[in-house]
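Analysis of the macromolecular model
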Amino acid sequence: MGVRLSRDPTERVAAVLHDEFPLKRLVEFIEVLERSAPPPAHHRDYCAWIRDVTLCRMLTANPLRASQYAVMTFRADGGGNLLRVGPGHYRLQFDSSDFKNEKGAANKPYDVEVDPSVTPWIDRYLIESRPYLINAGDTDRFFLPAAVGPRKHKAFLDSHGMEEDRGWTAGGMLHRVKLLTSTYIDGCPGFGPHAFRHVIATDHLRRHPGDYLTVATLLHDKLETVLKNYGHLRVEDGLRVLSSGIREASAQLAAQRKRT
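Residues numbered from 1 in each chain as written. Predicted model: local features only at pLDDT ≥ 70, side-chain atom pairs only at ≥ 80, totals over all residues. Heavy atoms only, no water.

All right, on to the nonpolar core then. By size, the foremost hydrophobic cluster in this structure holds 53 residues, and its most contacted members are Met58, Leu82, Leu92, Phe142 and Phe143. Listed by contribution, the elements that provide at least two residues to this core are helix H1 (14-17), helix H2 (22-34), helix H3 (43-61), helix H4 (66-71), strand E2 (89-94), helix H5 (119-129), helix H7 (170-184) and helix H8 (193-207). Among the elements that take part in this core, H3 stands out by supplying ten residues, more than any other. Look past the residues within four positions of methionine 58 in its chain and what remains in contact with it is Pro63, Tyr69, Met72, Leu82, Leu92, Val118, Ile122, Phe142 and Phe143. Leu205, Leu219, Val226 and Tyr230 belong to the second-largest nonpolar core, a separate cluster that totals eight residues. (Core = buried A, V, L, I, M, F, W, Y, C linked by side-chain atoms within 4.5 Å. Buried < 20%, exposed > 50% of the residue type's maximum accessible area, 1.4 Å probe, protein only. Helix = DSSP H or I, 4+ residues; strand = E, 2+ residues; numbered from the N terminus. Contact = heavy atoms within 4.5 Å.)

Shown next as structure tokens:
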């Protein structure tokens, strides 16, 4: 791969990163997933499929950590992290304090419009899927599990009279995304939500060598974090961008000759 990620312990995402256009492979995966709907009669699987597409589209359009998506809230009154600001329009908002426990994250607010490609799926998820998922009426967490899984009881919460929130955990998202990517990406053993961030950063730096500031903005990370983890761009990747420029220049010259 063209960019070294010092904290990536596996090669699980290599099937995507070795492609000349990694982001295209990621988008292709989501489109294949979209075309793989289970029959509506298999209601739980159908609800989970809508949720899965929504999550993967959001991970691609807004590549935050899974822990942020696990705690993301939605409320009809507009008080959650995900806000409906008009028909087919949403904003995603987190306070700076929401990132204080994320190592390397930028400690500033996150307030962005959700990409239009995601909004139809958010609408669909809220109507067709979320009301039927686990604990839908007991929590304002946006993403919910489709089935009750094993969960270790946390005695310290009981000792303080507290109860764990009933959303979909980051660990649950990790296992689900690994299953989806291993199923729908050829030659891939499966990777988790964090790999989406790595693919997006790698793809951008291959096409825009040295543009670490934009990557820091995309990932909502500190610039020094991005430089630490993505600061080893190979000459090959710079030459790949140059080669693309040469091809584009040749195509434009050929078009000019045809006109004359």
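As for its placement among the helices and strands, arginine 130 is situated in the loop between H5 and helix H6 (155-159). Discounting chain neighbours no more than four positions away, the residues touching arginine 130 are Tyr125, Ala136, Thr139, Asp140, Arg141, Phe142 and Leu144.

Turning our eyes to something else, we now look at unusual backbone geometry. A positive phi angle is found at asparagine 135, which is not glycine, with a value near 65°. For asparagine 135, the position within the fold is in the loop between H5 and H6. For histidine 220, which is not glycine, the phi torsion reads 55° and is therefore positive. Here histidine 220 shows up in the loop between helix H9 (212-219) and helix H10 (223-230).

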